[in-house]
Amino acid sequence: MFKKVILYTNQLEDMKGFYEYQLGFRIVEEDEASFTLSIGESQLVFRESERAAVYHYALNIPGNQFTLAKWWASERVTLNRQEGMDEVFYANFDADAFYFQDPAGNVIEFIARRSVDRMGNFTVDSLLNISEVSITTPYVEEVGERIEEMDIPVRGNKGIDAKSLNFLGSGHAYIILVAPKRTWYFSKQKSETHPLAIELTDGRQITITEEGRFQQEKPANPIMDRMEEIDFSGVAYLQKKETWTAARGFANRADERPNAVDTRFGIASGSKLFTAVAVCQLVERGELAFDDKLSELLPQAFPNFEVTVHQLLTHTSGIPDYFDEQVMDDFEDLWRQHPMYLMQAASDFIPLFKDQPPMFEPGERFHYNNAGFIALGLIVERVTGKEFAEVVEERIFAPAKMQNSGYFRLDRLPSQTAFGYIEEEGTWRTNQYAIPIRGGADGGAYVTANDMANFWRSLMDGTLLAKEIVDKMLQIHASGEDGAYGYGIWIQQGKDDILKYHVMGYDPGVSFHSAFYPADGSVLTVLSNKGTGAHEITGIIEELRIEN
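If you're wondering where the values come from, they're calculated on a predicted model, not measured in any experiment.

**Quick notes on the side chain of Asn129**
Topologically, Asn129 is positioned in strand S9 (residues 129-136). A polar contact of 2.8 Å, which involves the side chain of Asn129, links it to the side chain of Asn60. Those residues in contact with Asn129, other than ones at most four positions away along the chain, are Ile39, Glu41, Ser42, Leu59 and Asn60.

**A closer look at the pattern of salt bridges**
What the rule picks out here adds up to 27 salt bridges. The salt bridge involving Asp125 is made with Arg26; its shortest N-O contact spans 2.4 Å. You can see Asp125 sitting in the loop between strand S8 (107-113) and S9 and its partner Arg26 sitting in the loop between helix H1 (12-22) and strand S2 (27-31), a full 99 residues away along the chain. With its nearest N and O atoms 2.8 Å apart, the salt bridge here joins Glu424 to Arg429. Glu424 sits in the partly exposed class, given a relative accessible area of 36%. Taking relative accessible area as the criterion, Arg429 reaches 27% and is therefore assigned partly exposed. Ionic contacts of the salt-bridge type, sharing partners, join the residues Asp231, Arg248, Arg253, Glu423 and Lys530 into one network.

**Digging into H1**
Listing the buried residues of H1 in full gives Leu12, Met15, Lys16, Phe18, Tyr19 and Glu20. Gly24 lies just past H1 and shows a positive phi near 80°.

**Regarding the sheet that holds strand S5 (residues 56-62)**
Within a sheet, adjacent strands bond to each other through the backbone by hydrogen bonds, running parallel or antiparallel. Ordered in space as S6-S7-S8-S5-S9-S11-S10, the seven strands form an open sheet in which the pairing is mixed. Strands at the two margins of the open sheet, each flanked by one partner only, are strand S6 (88-90) and strand S10 (166-170). Strand-to-strand twist of the sheet, defined as the mean angle between neighbouring strand axes without regard to direction, takes the value 25°. Examined bridge by bridge, S5 and S9 share four bridges and lie antiparallel to one another. By the bridge assignment for S9, Leu59 is matched with Ile130. Its contacts with the sheet place helix H2 (residues 66-74) against S5, strand S7 (95-101) and S8, and it is angled at close to 5° to S7.

**With respect to the layout of surface pockets**
By volume, the largest pocket is sized at about 1200 Å³. Along its surface, the largest pocket is lined by 49 residues, and Lys3, Lys4, Gln43, Met224 and Arg248 are the ones closest to its centre. Mapped by element, the contributors of at least two residues to the lining of the largest pocket are strand S1 (2-9), S2, strand S3 (34-39), strand S4 (42-48), strand S12 (196-200), helix H4 (222-229) and strand S16 (243-248). Grouping the amino acids of the lining of the largest pocket by side-chain chemistry returns 18 nonpolar, 12 polar and 19 charged.

**Re empty space enclosed by the protein**
In total, this model carries two cavities of 30 Å³ or more according to the counting rule given. Each pocket or cavity is described by its volume, and for the largest cavity that value is around 160 Å³. As for the largest cavity, its lining consists of 17 residues, and the residues nearest its centre are Gln344, Ala345, Ala346, Gly439 and Gly440. Elements represented by at least two residues in the lining of the largest cavity include exactly helix H9 (370-384) and helix H10 (388-397). Its volume calculated, the second largest cavity comes out at about 40 Å³. Every residue lining the second largest cavity is listed: Tyr8, Ser49, Arg51, Ala52, Ala53, Tyr55, His194, Pro195 and Glu210. Tallied by class, residues from the lining of the second largest cavity come to five nonpolar, two polar and two charged.

Scoring rules and cut-offs
Residues numbered from 1 in each chain as written. Predicted model: local features only at pLDDT ≥ 70, side-chain atom pairs only at ≥ 80, totals over all residues. Heavy atoms only, no water. Helix = DSSP H or I, 4+ residues; strand = E, 2+ residues; numbered from the N terminus. Polar contact = N/O pair within 3.5 Å; in protein donor to acceptor, adjacent residues only side chain to side chain. Contact = heavy atoms within 4.5 Å. Salt bridge = Lys/Arg side-chain N within 4 Å of Asp/Glu carboxyl O. Buried < 20%, exposed > 50% of the residue type's maximum accessible area, 1.4 Å probe, protein only. Pairing = 2+ DSSP bridges. Axes fitted to C-alpha atoms, helices over the stretch in contact; angles between N-to-C directions. 1 Å grid on protein atoms, 1.4 Å probe; cavity = no way out; pocket = protein on both sides within 12 Å on 5 of 7 lines; lining within 4 Å. Points joined across faces, edges and corners; volume = space filled by probe spheres on them. Nonpolar A, V, L, I, M, F, W, Y, C, P; charged D, E, K, R; others polar.

In structure tokens form, the structure reads like this:
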């Protein structure tokens, strides 16, 4: 029944710390005035308010995990007790329960349904959904009648009773309607009237005002509506004066582990920008020049490629490509002939293109080229004497405070990383056999949304490169069907100025867009562990951003 429940608190930061760090719940959306927790199939939102507020709510857990859940909770909080007991069996609901409180004093109930089993140890992923939400109001009968009019029945045959606890709902989901000043079970807290909102799974919404009055309305959230419409799986992040973040879908579908705002995602070709920065850093240090030739830098691998570093950075080199995106449709097809598990370093790609004829004369035109960035990665390794990924992590990720980003092997993904998913014929599979086992200079890094915001800030404020080099990166050096291009970065022009600098990436099981808007310094990043979605969500957020 419950899709989302919105409660209020005057202790937002303490509450966020309690739920995220003490309990380990996943935050799937946050801004300056609220945060949203993933509770299985439901979401619980806390919004900032000026006055203190106390609520009661319950979460459904599997019945066979009650003892494990109780031990899990007792390791993190003090369980409430009543008459010397810290648990209770509710025969009418065939369920066991225990209680504890959060920093705001909210009474939280874990209710274990004996008819529901789940294998394994208890974790936050064992939470099934929101089971109960209390509405405290002096207008119990009036509010109860309005809820019944929504075809949400009152449990029992006595109807609404202003002096009792009233359960409205069915199965394992109930609204508890109660008058003020009633003491909650396993607590000394008394029921208080405070505003709240409940969004039902069918989209209808119940809003309770400060005074405890009932309102029914349909929430307007075009971004989340669009995410639901296209079944988006990933994270959207917009940083202006304030930051807004939202997550949807599963990072691990098999275990139903939801995406969270701090989940890592692969970004495919979006990481070409990191390669460009690494090359520009070498130029800034005097260890490389933009007019240096590939044939001179790597004579053994590419003796006949008389192209410059500048031309490689701008996709104007004309060297043969191991995967020509303007000709070839399916990246996965490439690895049927060349097993992806063998592609572990930049040098592994050389045999795929080094003996092929060039596509055109160097500098003749723009033609997007993955092999060109493989060559740039090899140049970085030759100049520094280090592995490419090590250079990026040391010289870009570390100073930019991108502590959650990296070039991870698909068979060794760290925690809080989303698996990429490929949908086919009504089912899905991971992209483990559809992309190289480890990313490199032409793509395949993993980042979080917040790390990308840190990257843009560090690029624009001089942390990573001097202003003179940044300005050269952001110049329009070439143009193609998809727009203007600098060094590893797309550039969208307006009539009189630059609208945005942006990068994008698409692989099987990956879609990614990230942009910096110079007019106001804002950053938008959309990461997805599906092959589509990032473009659509970026578009609607940009529309709303312009309107607002």
